[in-house]
Structure formats: structure tokens, C-alpha cells
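What follows is each chain in one-letter form.
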Amino acid sequence: MSKINENFLNLQESYLFSTVAKKVAKYTEENPDKKVIKLGIGDVTRPIVPACIEAMHKAVDEIGTEEGFKGYGPEQGYEFLRNAIVENDYKTRGIEIKPDEIFVSDGAKCDCGNIVDIFAKENKVAITDPVYPVYLDTNVMSGRSGKYNKETDTYENIVYLPVTAENNFKPELPKEKVDLIYLCFPNNPTGTVLTKEDLKVWVDYAKENNSIILYDSAYERFITEKEIPHSIYEVEGAKDVAIEFKSYSKTAGFTGVRCAYVVIPKTVKGYTNTGEAVELNKLWNRRTCTKFNGVSYIVQRAAEATYTEEGQKQIQENINYYMNNAKIIKQGLEEAGFTVYGGVNSPYVWLKVPEGITSWEFFDKLLEEVNVVGTPGSGFGPHGEGYFRLTAFGTKENTEKAIERIKNWKNG
Ligand code: PLP
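Rules and cut-offs
- Residues numbered from 1 in each chain as written.
- Predicted model: local features only at pLDDT ≥ 70, side-chain atom pairs only at ≥ 80, totals over all residues.
- Heavy atoms only, no water.
- Near = heavy atom within 4 Å.
- Polar contact = N/O pair within 3.5 Å; in protein donor to acceptor, adjacent residues only side chain to side chain.
- Areas by Shrake-Rupley, 256 points an atom, 1.4 Å probe, with all protein chains shown as cover.
- Helix = DSSP H or I, 4+ residues; strand = E, 2+ residues; numbered from the N terminus.
- Nonpolar A, V, L, I, M, F, W, Y, C, P; charged D, E, K, R; others polar.
- Contact = heavy atoms within 4.5 Å.
- Pairing = 2+ DSSP bridges.
- Axes fitted to C-alpha atoms, helices over the stretch in contact; angles between N-to-C directions.

**Student:** Would you mind going over the site of the ligand with me for this structure?
**Tutor:** The local shell around the ligand holds 14 residues, among which Ala 108, Asp 216, Tyr 219, Ser 247 and Ser 249 are the closest. Lys 109 is positioned such that a nitrogen or oxygen atom in its backbone is 2.9 Å from an oxygen atom of the ligand. Asn 188 places a side-chain nitrogen or oxygen 2.8 Å from an oxygen atom of the ligand. For the ligand, whose free accessible area comes to 400 Å², the fraction covered by protein is 90%. Where the shell around the ligand is concerned, the elements lending two or more residues are α4 (108–114) and α7 (249–252). Considering only residue class, the shell around the ligand consists of six nonpolar, four polar and four charged.

Here is the structure:
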């Protein structure tokens, strides 16, 4: 008899985006004359920049020739891309990372999810709350979460670190000892960031407790304030305790093209039961070679092109476009009297819903009364209740229209 991994039965249905979609579909069916504007899901809308498109065309032509044909590539990624990452994402910030500490992949979602493979089941996991759901669910699947408590909407073995207005969206160190710590900054969903000093507290904690920080910086390109770190390795000591996840999805519009990378410095160590230190880089390399056959040559050439002068300029234009939307949302909501967070170093704006109503009730009101769709904060975890996320990834025209509607509604 085939037995299943029963941990999967311990997963809670993710109702968030399916419920949003269902509610919007029902509303538009019943109100076909209404123009609903969606500022909910975090996908990008700008086309991929010409520098990357040209690089892909060139790569396609190349692999159609005898000399240029490419079969299986290195599982960890082509050297040209790993070198470009080292030079552009790290050396320019004064960080020394070696090419063999970088693993190119087809997405930060897979990397954040798959990384649990190299850690023992007994590790105590801490996640910020609200949070990008992948960290929690992959730990449930791999049996680290313990039982689900319906009343509190939490798992018994997971340590939740609230990030709310009360603590200025800065997670506090846990009271109990934890082994794996997920941090994501700029944060999805709150759009808030941590300074180097804030991150140093976590790096010091990890060093003291032999813990590992899993740092997701998928949104670092949206940082506009100079002093905010783009990489955790800007913090002294982080190369001993942190794994960093980066993605071209939001940076370069690769949500459909698929390319990302994970950095595991050779100085980052985990421990055996007998206390022997083991390089995590080695374990991840072994996992990658066993379970992955690399990202396509064409896509890696496109990722490389993001670092050319033209590529950088074109990508920055798209990022400026989205960040202008973020400004429109943030300013407009503030003028309408809302309390708003994020939106300065991130494409996400996180707003406090009016007293006395829940995130979902606010969702319904916004949909029905002004025909604007956002994402209820409670869908990202219990501490997201009372908040609401709007994204800057729409078109400028739709963003302006949506905010005008909200302003007229709130002030009317
Ligand atoms: N990490 C965070 C915090 C995200 O919000 C997302 C996507 O929304 C991802 C990772 C996924 O990135 P990718 O498209 O590279 O899988």
C-alpha cells in the first residue's frame, strides 16, 4: 500500500487569492457595467525590456548552430551569469561573494521552498507574521510545524514574529531559541524595510545560537532610500549565518521567464547530531545536482543582459514606473485619511483598515462601493488582520483611477 506524506493533510487551504478571484468574478457577473480595477495580485505588468529580449533572440539563434548548440548546462548556472552576479550585485556593494557560492534557479519560490530539504526536521522555525506563505507551508509539508490551531490560526511548533504598526514593523527576537529564521525585506506584504542596525541584531542572534537566517530579498531593487541594505551581507558577520534569495521576477519582469538565484557562502555551517559543522553550500550543491538540471541557456543570457548598461537603464525605468504608482497610492490614501505603510522602498502599500471592520469586510466594501480590488491582510497570517495590501504593479492609468475613486469615496 502506498502511504502518503501526511504532513500535506496538515496544510490549511489557501483561500486568499482564490477567494479574492471568486468574489471579483461574482461581482463582475452581477454588475457587468462596472469597471473593476485590480491592485491585488503581485504580478508585474510592464513588458520585458529590449536588452533582455535581444539577448534571448541572440541566444536562440546561437543554439540553432553547430558551434552554438547547448545541451545540459551546469546545474548551478553558467559561469557568465554567476560572474555577472558577483560583479554587479555584490562587488559594487563591497561584498565578496564567489561564483561557486551562487546557485542559479528558476525562481525564488522554488528556492525558498526547497531549502528545507537540507535541514533536519527538529529545527525550530521562526517566521515573521504576516508573511509570504511559502515559508510556512513548506515547513508544514516537511513536518516541522506541529499541529494547526484553528482558533489562533497558528501551528504549535512555529514561532511567529509579529510585524505590525505596534513594533514599527520590526520583528523582535524570539523568547525561545530558534534554529531557522525567515526574514523578507523589503517585506511582502507590508512593504516595510529593516536597516543594517536592525538586521545586525538578527545576525548577532544567529551567531550566538548557531541559527541560520533565510533572507528573501526578492524586492531589493525597489529600495529608494540610500541607507537601506540591499543584501543581508552588507551586515557584518552575515556571511557566517545567512542564505540569501534573489529573483529577477519583479526586478526585470521575469515572472513568466523564470530566473532567480540563491547565495550560500561557504562559511555558512549547519551541524550534525554530534555537533560536527558542515558547509551548507556542499549540501545544497548536492541537492541541486541531484534534483535540478539548470535554467535554460536562453533565460540565463536574458538574466545576464539585466546587468549591461542598457539593461540596467531600461530596468530602472520600469522600476521607476512602479515606484511612481506606489507614490500615487501612498499619497492618495494619506490624503484620503488612511494610515499607510510601505510604498517607499517597495512596490507594496499596506494600509490600516478603518476601526471596527475586518480586512475582508474592507475588501468587500472597496469592491462593491468603488470597484477596486486589493488583498486582505489577514490572508497573509493572523497579524495581518486589520490591514490591507495594494500593489503598485498595475498601470499608471488604473492606479490613478483607483486612487481617485477611493479619495472621492472616503471624502464624499
Ligand atoms: N519571494 C517573495 C517575497 C515574493 O513575494 C515572491 C513572489 O511574489 C517570490 C519570492 C517568488 O519569486 P519567483 O517569481 O522568483 O519565484
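**Student:** Any chance you could explain the environment of Glu 122 here in plain terms?
**Tutor:** Tracing the sequence through the fold places Glu 122 in the loop between α4 and β3 (125–129). Along the backbone, Glu 122 and Asn 325 are 203 residues apart, and their C-alpha atoms lie at a distance of 44 Å. If we ignore the near neighbours within four places in the chain, the residues touching Glu 122 are Asp 179 and Asn 273.

**Student:** Can you walk me through the sheet that holds strand β2 (residues 102–105) in this structure?
**Tutor:** Picture the strands of a sheet paired through backbone hydrogen bonds; they go either parallel or antiparallel. Across the sheet, seven strands lie side by side as β2-β10-β9-β8-β7-β3-β6; this open sheet has mixed pairing. Strands at the two margins of the open sheet, each flanked by one partner only, are β2 and β6 (158–162). Mean inter-strand twist for the sheet, computed between neighbouring axes without regard to direction, equals 20°. As judged from the four bridges shared by strand β8 (residues 212–216) and strand β9 (residues 242–247), these two strands associate in the parallel manner. Of the residues in β9, the one forming a bridge with Leu 214 is Ile 243. Those strands touched by helix α8 (residues 280–291) are β2, β8, β9 and β10 (260–263), and its axis lies near 30° from that of β2.

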